[in-house]
Amino acid sequence: ELAKWGCNMWGLYVVLTTDEKQVQGQCPDLWICAWWSFLGFLLIILVGVCFTVVFTLPAAMAAKAANEEGPTETTPLNPDAQPTQEGEAPVALTQEQIMAMLGQPKEGEAPV
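Read on for an overview of the structure.

Cut-offs used in this document
- Residues numbered from 1 in each chain as written.
- Predicted model: local features only at pLDDT ≥ 70, side-chain atom pairs only at ≥ 80, totals over all residues.
- Heavy atoms only, no water.
- Phe/Tyr/Trp six-rings, centres within 6.5 Å; stacked < 30°, edge-to-face > 60°.
- Helix = DSSP H or I, 4+ residues; strand = E, 2+ residues; numbered from the N terminus.
- Buried < 20%, exposed > 50% of the residue type's maximum accessible area, 1.4 Å probe, protein only.
- 1 Å grid on protein atoms, 1.4 Å probe; cavity = no way out; pocket = protein on both sides within 12 Å on 5 of 7 lines; lining within 4 Å.
- Points joined across faces, edges and corners; volume = space filled by probe spheres on them.

**Things to note about the packing of aromatic side chains**
Link 1 in the chain: Per the counting criterion, the structure on display carries three aromatic pairs.
Link 2 in the chain: Ring geometry for Trp-10 and Tyr-13: centres 5.4 Å apart, planes at 35°, overall tilted. You can see Trp-10 and its partner Tyr-13 sitting in helix α1 (residues 2–17), three residues apart, about one turn around the helix.
Link 3 in the chain: Trp-10 gets classed as exposed once you look at its relative accessible area, which sits at 57%.
Link 4 in the chain: Ring geometry for Trp-35 and Trp-36: centres 5.2 Å apart, planes at 85°, overall edge-to-face.
Link 5 in the chain: Residue classification places Trp-35 among the partly exposed positions, given a relative accessible area of 27%.

Right, dumping it as structure tokens:
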């Protein structure tokens, strides 16, 4: 990786310090290839990074802020449940509580 990085930096230096008019007379296709290989792709990557920072970072920060205000992993699923001590079994819902949550009638009641 270090050799690739060094080669790319050297190529970028050569492209930036070479006189374009001198190269255009000898081999214009090679000049265009070198320019895109060393400078063009770098510019494209920088545009992609800027795009990512401008459009996705604010959305990610907003999503994080929304999660901090809402329920968390420690929020109980049953708000009426009492917290248990470590090692105790959690308090389970009764069948009547489950049916009430589902909106179904209790035994002996007529459906609504």
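That shown, we press on.
**As for helix α5 (residues 95–102)**
Link 1 in the chain: Of all eight residues making up α5, only zero are buried, and the element is barely covered by its neighbours.
Link 2 in the chain: Just downstream of α5, Gly-103 is the residue with a positive phi angle, here 80°.

**Details of the layout of surface pockets**
Link 1 in the chain: Of the voids in this model, the largest pocket is the one considered here, and its volume is about 150 Å³.
Link 2 in the chain: As for the largest pocket, its lining consists of Trp-5, Asn-8, Met-9, Leu-12, Ser-37, Phe-38, Phe-41, Leu-42 and Ile-45.
Link 3 in the chain: Secondary structure elements with two or more residues in the lining of the largest pocket: α1 and α3 (28–55).
Link 4 in the chain: Here the lining of the largest pocket takes five residues from α3, the largest share from any one element.

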